[in-house]
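Below are the chains, spelled out letter by letter.
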There are 2 protein chains.
Amino acid sequence: MTRPLHFSAFVMNTPSHIIHGLWRDPAGDQIRFNELDLWIDLAKKLDRGGFDAIFFADVVGLYGNHRGSWDFQAEIGLQIPSHDPMAIISALAANTEYLGLAFSEGPIQEPPFNFARRVSTLDHASNGRIAWNIVTNLLGWENFSHDERLAHDDRYVLTEEYVDVVYKLWEGSWEDDALLADRRSGRYADPSKIHRINHVSEHYQVEGPHLVAPSPQRTPVLFQAGSSKVGRDFAARNAEAQFIAAPDPETARPLIEETRQLVESHGRHRDDLKFFQQLSFVVGSTEEEAAAKHRELEEKTDVEGMIAHFGGMIGVDLGGYEIDTPLEVIETEGMQSRLAWLRESAENERPTLRDAAQLLGRRSRMVGTPEQIADRLAQWRDAGIDGINIVTATIPGTYEEFIDQVMPVLRQRGLASPEPVAGTFRNKLFGSDRLSERHPAARYRGAFAVQSAATGEN
Amino acid sequence: MTRPLHFSAFVMNTPSHIIHGLWRDPAGDQIRFNELDLWIDLAKKLDRGGFDAIFFADVVGLYGNHRGSWDFQAEIGLQIPSHDPMAIISALAANTEYLGLAFSEGPIQEPPFNFARRVSTLDHASNGRIAWNIVTNLLGWENFSHDERLAHDDRYVLTEEYVDVVYKLWEGSWEDDALLADRRSGRYADPSKIHRINHVSEHYQVEGPHLVAPSPQRTPVLFQAGSSKVGRDFAARNAEAQFIAAPDPETARPLIEETRQLVESHGRHRDDLKFFQQLSFVVGSTEEEAAAKHRELEEKTDVEGMIAHFGGMIGVDLGGYEIDTPLEVIETEGMQSRLAWLRESAENERPTLRDAAQLLGRRSRMVGTPEQIADRLAQWRDAGIDGINIVTATIPGTYEEFIDQVMPVLRQRGLASPEPVAGTFRNKLFGSDRLSERHPAARYRGAFAVQSAATGEN
């Protein structure tokens, strides 16, 4: 089996994304994440180094309290300050040739008409290299004129409505041959092939037409990361790539198979959804060197930062507990269900918060020589993984190391493509510029032409 | 008097902005406005050529009907397709050193929290070169879940509320020394100097804090273009630069003086507001050459496009009238008031739509040698103008011609700065990175520190 994997750099426009405290390391540059050059230089390296994408996570508000306030988050740069990812995409597009450019945005952030127009603008500007990670906005509702955050499942209902609007704009508003740009006839577009969408639903009324002619991909590549039942069902219907964070290939395999069956149950093909596993790497030329680098990395990791972030994700203030508190003492419902895997993975019989922090850092981490890493990645691939999403320890160190040391071995073994694949990002993943005809958005192709023929209006 | 003028390129991310039909000219490249390279190449030329800014107009919907539909607009590329300007700003920032980067956005397009964060992201990324043209969204309400467009004055009320939120985020949420990014102490920021804004008003509830540490300018340079009474009052309070389109220096002088007095009446200094006059140029090495080029330009201009655009601005479908219809026949209230200047300027005693189209094209147009243009620009400057906003005929031709032929003469005469002014865009205009203390946004400086001291919360 020689199927090559896809490679994505998993970053966030902030000093401290997942492995906290590392911005303090003089070997890393993310302390100056606010400068455009940091991201341009990284994107160029990834582009030349065989990566398929740079992927920006994002949140638009603070995590919940730690030790009773958000002071600690600000002290250690835990996703604050954080800058908008979409705003810097065009600079990365201008400086790269092959790299897919993926960012996260959710429905509370921007009305669908404006969002769809910006994405189409960027898909033109990048020659079709844009991907959108559809999020449902876990955080930030207090900044968007909402009295309170919608409940988990209701956030998905809102997001369904949102994607429906943008699908109509991207796939249905302009026919493929509507744009003429013909100097001789003097016609820029054929209005009979541009249509209003006249969308009306609970939250959105959007007449259109879309203001942008079809971009290379029309709809950007659609990513999603939901792991709940509702989230996985949304992904099975809407996503073209799902981010997962399984602890090992053995756990990933049935999860992927189950999701692929869900994809099929919605009338799509099992391969219409790709799986990207989140991983982090510590590479050494010998096992001993790798182990020593790993010890060093763990020493530099801010343990309380890991705990605060985890608490923020599950909505529990873990800041009041001593670091050696056994997890079982922390009696909250969220904790008990979310920590099942932690308890199973822990070496300690009564794992503590300290163990949890360490495990969170080590989760899906590979420590070893390039050859050992290649062996392990082959197992992930054989479990059904299509690509990996590589967590930042330092920028650009994490990615330079991977490109210089691991990629050559992966290429030898057919685990990485021998040369970059040109064209759109979707072409890299699926061999096609446009969304599959089995995707729900495809039903809007031609739909508004029929409508306008009936009413006599575009 | 040797006060140099400021120079801005007045563009739109669309094939046909103001002088319609010119995308058909093989000498122009705006037929491929969707490509990032067009804008990067233009921005580089402007940056090296002594321009202070590139300024993107924008609309987010169609103009009203012409001949009963929007078909004609789509046929001639009249501001459709149109792409988002903000989405390409970071690519221009990465490729320029001095150029101010200005774009238009209004309150219906994006919630203020997201907008403020994007602007701050870009102000960091450009080292403080961002300007925001505050618009009230004349068009596009049908795309933003509004049952109907707010009336003119109500749009200003909404916009006031919107700017109030973003002022709080930009000026008040982070204190100047809140960011530490200190590897030694391990502290990224001082939370006691970061504050929620807890904004509550009719349309917006925004807790904050702002997610971005102070950017070089904090608040971007604020542009505005309103010419109505309410619009001018808004500008007199909020804007740092106003775009005007006076027919001649003699008309501009009292208008500027009156507005400066209005500025003073709001507790600001008369020079706290700069005036940018919209102009277009036809340059020849002799008068005869210039006149010939002008005839050629008029032949290439799409006369009906000019009329359709004008009708769209005043909300009247002029498409049903023969081109030689006298204006006085078109009996609508909007027409009569808006066309007063046209009647006065027309050579024909009973000016027709054809005359109107020609006058619209010629409005504020200078045709002549570089020396003649310099003479005329000196008159504009002496009438109180601070800068000019140069309309596109072709990209990049209009700007190349101006840079190569006119700029050297302007420099000789002290009408253009001998060399580019480094630093932030506000520094170019006002000699300061930050908003004046007399601006209404300045009242939020330190305001939330006081609040948090009182409540014990950040």
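On a predicted model such as this, the values are computed, not experimentally measured, just so you know.

How each quantity is defined
Residues numbered from 1 in each chain as written. Chains lettered and ligands numbered in written order. Predicted model: local features only at pLDDT ≥ 70, side-chain atom pairs only at ≥ 80, totals over all residues. Heavy atoms only, no water. Helix = DSSP H or I, 4+ residues; strand = E, 2+ residues; numbered from the N terminus. Rg over C-alpha atoms; globule rule 2.2 N^0.38 Å. Buried < 20%, exposed > 50% of the residue type's maximum accessible area, 1.4 Å probe, protein only. Contact = heavy atoms within 4.5 Å. Expected span 1.5 Å × (residues − 1). Buried area = accessible area lost by both parts, 1.4 Å probe. Salt bridge = Lys/Arg side-chain N within 4 Å of Asp/Glu carboxyl O. Polar contact = N/O pair within 3.5 Å; in protein donor to acceptor, adjacent residues only side chain to side chain. Least-squares fit on C-alpha atoms with pLDDT ≥ 70 in both. Phe/Tyr/Trp six-rings, centres within 6.5 Å; stacked < 30°, edge-to-face > 60°. Axes fitted to C-alpha atoms, helices over the stretch in contact; angles between N-to-C directions. Parallel < 35°, antiparallel > 145°, perpendicular 65-115°, else oblique. Left-handed = near helix turned anticlockwise from the far one by under 90°. Pairing = 2+ DSSP bridges. Right-handed = clockwise from strand over helix to strand, strands pointing away.

## Structural notes on the overall build of chain A
Consideration 1: Along chain A, the regular secondary structure elements total 16 helices and 13 strands.
Consideration 2: Its C-alpha radius of gyration of 23 Å places chain A within 12% of the 23 Å reference for a compact globule of 458 residues.
Consideration 3: Seen through its principal axes, chain A has C-alpha atoms that stretch 70 × 55 × 45 Å.
Consideration 4: Among the 458 residues that make up chain A, the fraction classed as buried is 60%.
Consideration 5: For chain A, the share of sequence-separated contacts (at least 6 apart) that also reach a separation of at least 24 residues comes to 76%.

## Here's the deal with helix H1 (residues 36-48) of chain A
Consideration 1: An ideal rise of 1.5 Å per residue puts 18 Å on 13 residues; H1 of chain A measures up with 18 Å between its terminal C-alpha atoms.
Consideration 2: The inward-facing, buried residues of H1 of chain A abut strand S1 (6-12), strand S2 (53-57), helix H3 (89-94) and helix H14 (397-412) of chain A together with helix H3 (89-94) and helix H4 (112-125) of chain B.
Consideration 3: Where H1 of chain A terminates, the next one or two residues include Gly 50 of chain A, which has phi positive at roughly 95 degrees.

## Notes on the interface of chain B and chain A
Consideration 1: Chain B puts 78 residues into the contact, and the matching count from chain A is 78 residues.
Consideration 2: Counting each side, the surface lost to burial between chain B and chain A is near 6500 Å², with a carbon and sulfur contribution of 55%.
Consideration 3: Broken down residue by residue, the surface that chain B buries against chain A is led by Arg 118, Arg 183 and Tyr 188 of chain B, which jointly contribute 13%.
Consideration 4: Between the two partners, chain B and chain A, sit 10 salt bridges.
Consideration 5: We note a salt bridge from Arg 118 of chain A to Glu 105 of chain B, for which the minimum N-O separation is 2.6 Å.
Consideration 6: There are 45 residue pairs in polar contact (both at pLDDT 80 or more) connecting chain B and chain A.
Consideration 7: Going through the elements one at a time, helix H1 (36-49), helix H2 (71-76), H3, H4, strand S5 (179-182), strand S6 (187-189) and strand S8 (205-206) of chain B are the ones with two or more residues in the side of chain B that touches chain A.
Consideration 8: Here the element with the most residues in the side of chain B that touches chain A is H4 of chain B; it accounts for eight residues.

## Notes on the relation of the copies chain B and chain A
Consideration 1: You can overlay chain B on chain A at an RMSD of 0.0 Å; the transform is a turn of 180 degrees with a shift of 0.0 Å along its axis. In symmetry terms, the pair is related by a two-fold rotation axis. For chain B, the minimum C-alpha distance to the rotation axis belongs to Ala 91 of chain B and amounts to 1.9 Å.

## A short note on the environment of Ala 93 of chain A
Consideration 1: Looking at the element boundaries, Ala 93 of chain A is found in helix H3.
Consideration 2: When the C-alpha atoms of Ala 93 of chain A and Leu 318 of chain A are compared, they prove to be 41 Å apart, with 225 residues separating the residues in sequence.
Consideration 3: Beyond its immediate sequence surroundings of up to four residues, Ala 93 of chain A is in contact with Leu 101, Ala 125, Ser 126 and Arg 129 of chain A together with Leu 36 of chain B.

## Let's talk about the packing of aromatic side chains
Consideration 1: Evaluation of the coordinates by the stated rule reveals 48 aromatic pairs over all chains.
Consideration 2: Seen in terms of ring centroids, Tyr 162 of chain A and Tyr 204 of chain A are 5.8 Å apart; in terms of plane orientation they differ by 70 degrees. Their pairing is edge-to-face. On the criterion of sequence distance, the pair formed by Tyr 162 of chain A in helix H5 (residues 152-172) and Tyr 204 of chain A in the loop between strand S7 (199-200) and strand S8 (205-206) is long-range, its members being 42 residues apart.
Consideration 3: Here Tyr 162 of chain A falls in the buried class, since its relative accessible area comes to 1%.
Consideration 4: Overall, Tyr 204 of chain A belongs to the buried group, its relative accessible area being 9%.
Consideration 5: With centroids separated by 5.9 Å and ring planes inclined at 70 degrees, the aromatic side chains of Phe 243 of chain B and Phe 276 of chain B adopt a geometry described as edge-to-face. Pair noted here: Phe 243 of chain B is in strand S10 (residues 241-244) and Phe 276 of chain B is in strand S11 (residues 274-283), with a separation of 33 residues, a long-range link. Phe 276 of chain B shares its class with Phe 243 of chain B; the two are buried.

## Digging into helix H9 (residues 303-314) of chain A
Residues and elements named next belong to chain A.
Consideration 1: Under the 1.5 Å per step criterion, the end-to-end length of H9 is 17 Å for 12 residues, consistent within 8% with the ideal 16 Å.
Consideration 2: Buried residues dominate H9, accounting for nine of its 12 residues.
Consideration 3: Looking at H9, one finds that the buried residues are Gly 305, Met 306, Ile 307, Ala 308, His 309, Phe 310, Gly 311, Gly 312 and Ile 314.
Consideration 4: Of the residues flanking the end of H9, it is Gly 315, one or two places downstream, whose phi is positive at about 75 degrees.

## Some thoughts on the packing of helix H5 (residues 152-172) of chain B against helix H6 (residues 229-238) of chain B
All names here are of chain B.
Consideration 1: At their nearest, the axes of H5 and H6 sit 10 Å apart, and the two run at 15 degrees to each other. With respect to H6, the axis of H5 lies roughly parallel. Pair H5 / H6 crosses with right-handed handedness. Only Val 230, Gly 231, Phe 234, Arg 237 and Asn 238 of H6 make contact with H5, whose side of the interface consists of His 152, Asp 153, Tyr 156, Thr 159, Glu 160, Val 163 and Tyr 167.

## Some remarks on the pairing of S11 of chain B
Working note: regular strand, side chains alternate between the two faces of the sheet.
Residue and element names in this part refer to chain B.
Consideration 1: The buried count for S11 comes to nine of 10 residues, which makes it a mostly enclosed element.
Consideration 2: Here S10 pairs with S11 via four bridges, running parallel. Paired with Phe 243 across the strands is Phe 276, a residue of S11.
Consideration 3: After leaving S10, the chain enters helix H7 (residues 249-265) and then returns to the sheet as S11, a path that is right-handed.
Consideration 4: When S11 meets strand S13 (residues 387-391), the two strands line up parallel, connected through four bridges. Bridge pairing in S13 links Gln 278 to Asn 389.
Consideration 5: Judged from the four bridges that link them, S11 and strand S12 (residues 365-368) form a sheet pairing that is parallel. Bridged to Phe 281 within S12 is Met 366.

## Side note on the pattern of salt bridges
Residue and element names in this part refer to chain B.
Consideration 1: Across all of its chains, the model carries 72 salt bridges over all chains by this definition.
Consideration 2: Where Glu 304 meets Arg 67, a salt bridge forms, and the shortest distance between an N and an O atom there is 2.8 Å. On the criterion of sequence distance, the pair formed by Glu 304 in helix H9 (residues 303-314) and Arg 67 in the loop between strand S2 (53-57) and H2 is long-range, its members being 237 residues apart.
Consideration 3: As a salt-bridge pair, Arg 434 and Asp 176 come within 3.0 Å of each other at their nearest N and O atoms. Here Arg 434 is found in the loop between helix H15 (425-430) and helix H16 (447-455), whereas its partner Asp 176 is found in the loop between H5 and S5, with 258 residues between them in sequence.
Consideration 4: The exposure class of Arg 434 is partly exposed, given its relative accessible area of 27%.

## Considering unusual backbone geometry
Consideration 1: Between Ile 395 of chain A and the following residue, Pro 396 of chain A, the backbone shows a cis peptide bond with an omega angle of 0 degrees.
Consideration 2: Tracing the backbone shows Pro 396 of chain A in the loop between strand S13 (387-391) and H14.
Consideration 3: Positive phi is not limited to glycine here, since Asn 137 of chain B has a value of about 60 degrees.
Consideration 4: Look at Asn 137 of chain B and you get buried, because its relative accessible area is 5%.

## Remarks on the side chain of Asp 190 of chain A
Residue and element names in this part refer to chain A.
Consideration 1: In this structure, Asp 190 sits in the loop between strand S6 (187-189) and S7.
Consideration 2: Engagement of the side chain of Asp 190 in a polar contact is seen with the side chain of Ser 192, the distance being 2.8 Å.
Consideration 3: When near neighbours in sequence (up to four residues on either side) are disregarded, Asp 190 contacts Ala 178 and Leu 180.

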